[in-house]
Amino acid sequence: MSTEENTHKSNSRSTLATFIVMGCTFLSRLLGFVRNALIASLFGAGGEASVLHLTFAVPNNLRKLMAEGALSSAFIPEISASLVDEPAGGKARQLTSLLMGFQITVLVPFCILAVFFAEVLIRYVLSELSDPAQIKLAVDLFRWFIFYILLISINATIMAVLNSHGRFFVPAFTPVLFSIAVISSLILFYSRLGVFAMAVGVLLGGLGQILFQLPFFLKQGYSMKPSFRFRSPGFKRVMHRWGPVVAASSIFSIIQIIAIRFASGIDDKGVAGLQNAIIFWQLPMGIFSASVTTVMFPRMSRQFAEGNNEALDDSIRLGVDLLLILLVPSMLVLLFLGKEIIAVAYQRNKFAAEDTIYTYRVLKAYTWGLFPVGAFNFLQRYYFSAGNYRRVTVTACIVALADIALSLWWKETSLGVAGLAYANTAAFSLGLIVLYLPCLWHSEYGLLQRNLKTLGKIVFSMIPGIIVFVLFRHYTGNWWHQGASVINLLRLILPAIIFTLISLGMYMILKVEAIDILFRQRRVRIE
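Analysis parameters
Residues numbered from 1 in each chain as written. Predicted model: local features only at pLDDT ≥ 70, side-chain atom pairs only at ≥ 80, totals over all residues. Heavy atoms only, no water. Helix = DSSP H or I, 4+ residues; strand = E, 2+ residues; numbered from the N terminus. Rg over C-alpha atoms; globule rule 2.2 N^0.38 Å. Buried < 20%, exposed > 50% of the residue type's maximum accessible area, 1.4 Å probe, protein only. Contact = heavy atoms within 4.5 Å. Areas by Shrake-Rupley, 256 points an atom, 1.4 Å probe, with all protein chains shown as cover. Lys, Arg positive; Asp, Glu negative; His and termini not counted. Charge placed at Lys NZ, Arg CZ, Asp CG, Glu CD. Phe/Tyr/Trp six-rings, centres within 6.5 Å; stacked < 30°, edge-to-face > 60°. Core = buried A, V, L, I, M, F, W, Y, C linked by side-chain atoms within 4.5 Å.

Enquirer: So what about the overall build of the protein? Which residues, and what values?
Expert: Scanning the protein from N- to C-terminus turns up 20 helices and 0 strands. Against the 2.2 N^0.38 benchmark of 24 Å for 527 residues, the protein shows a C-alpha radius of gyration of 23 Å, consistent with a compact globule. Expressed along its principal axes, the backbone C-alpha trace of the protein runs to roughly 65 × 60 × 45 Å. Per-residue burial over the protein gives 56% buried out of 527 residues. The contacts in the protein between residues at least 6 apart in sequence include a share of 83% that link residues at least 24 apart. Split by element, the accessible area of the protein, about 22400 Å² in all, is 66% carbon and sulfur. Side-chain charges of the protein comprise 44 positive and 27 negative groups, with the mean position of each set lying 5 Å from the other.

Printed below as a string of structure tokens:
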């Protein structure tokens, strides 16, 4: 088989795997919306909701260091190299046991200390809360939520192993169980436990994700038995990589914690408005960007381990193309239908029309950063695959400084909380430029030209859809003021379906690669 045929076959597999992961993630995010709509309905957008979001954000952000983020980013290149070096998997199994031992060694004492010092952390580090009742509630919730970091970290190790073996469906489906657990807990226990029903659901969801993946993990020959013999060369390489990745990831976690702190001091709705906007923004980010990165990261790690630079270049090109294909239309949907989406999802009971407007102002600011953030995260994984951690760390520092400086400036303007979101968008756009330019300098295969060609096709494809949105807004007016209802859900779905069908049709006509691969595979199966 020729190199071109190998590349085409690899691109086809990666594209199909990406869309499989997207399907699972879509279901997960759909349930996530149900979960968050239920939370908004029960707790509104004021004080209690802000406390809930604030306390859960801490373990949720820390998992980027010890779970799907930093540790997985250091682990996947090493386990991929181990599988290339020894396909039987002995080294990979040993490395996995060591990683689990490391997580237990670090996180169990960390959780105990966090529980003991919870009040100090809430009062002086994590928030600007002044109401004694809110502080007490935050402390009590934090002591439950913090144990989620241990569960999700072990879960992330299992996910990384399965992904490195080319098994994407089960890890992608697993987060569905988390949303089911939280929704069920809120429905069953809210009347008795109040906001603490959320804590029960979070911990049951974290445990459920581990148990669901366990049979598939064991089937690959791995074990849940941890190892504490940390002198293994492979483990040392993971730790050597993890340090710079932690430095980069911790910077981004700190940015988010600082943004929440800033938001808590702007007004009573600041934290809930920021977090609710991020939830909607993360829908396309989680479905599309995370799916592309999930599939392409192990592929790039293998290609680097094999020394296949041409294939690695093609992976960068394909990854950026996929993100353009998926995130540019998503950006238009959120910009044109943002208020309607928020109203249909959240606007009921304590969540009023003014909360929809507040959340949309923040969401609009984040939306302009969809592609920059998605491409930035993808290119980070490319540099991790290639072992270039210094550039990622330096770029992370640049992004953090820009974000904090702009946040301090713009939060004091009329933008308010939206200024924090615009600062995030601007900072990551700068970071994307810093990471993308070296790829152009080292590419021998026309990376920029191919990405620009794809972008041109996408821009042309979006024109009919934009016309649909403009006509929809002109003839339907501000029906979203009525809030959540079946009729309004149908009003929202109709233009979204029309836009999607028109965009897919234009992609097919212009032979945009990812869509062309999908329909070509379908034709082959039919024949």
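There's plenty left to go through after this.
Enquirer: Provide a residue-level description of the packing of aromatic side chains, including the pertinent values.
Expert: Per the stated rule, a full pass over the model turns up 23 aromatic pairs. For the pair Phe336 and Phe469, a centre-to-centre distance of 5.3 Å together with 20° between the ring planes defines the contact as stacked. Of this pair, Phe336 sits in helix H13 (residues 309-346) while Phe469 sits in helix H18 (residues 447-476), and the two are 133 residues apart along the sequence. Judged by relative accessible area, Phe469 falls into the buried class, the value being 1%. Ring geometry for Phe472 and Trp479: centres 6.5 Å apart, planes at 75°, overall edge-to-face. Pairwise contacts between aromatic rings join Phe102, Phe228, Phe230, Phe235 and Trp242 into one cluster.

Enquirer: Residues and numbers for the nonpolar core, please.
Expert: Judged by nonpolar contacts, the single largest core of 157 residues is most densely connected at Leu274 and Phe378. Looking at this core, the element that brings in the most residues is H13, giving 22 residues. By size, the runner-up hydrophobic cluster in this structure holds 6 residues, among which are Val21, Cys24, Ala172 and Val295.

Any functional reading would require information beyond the geometric quantities listed.
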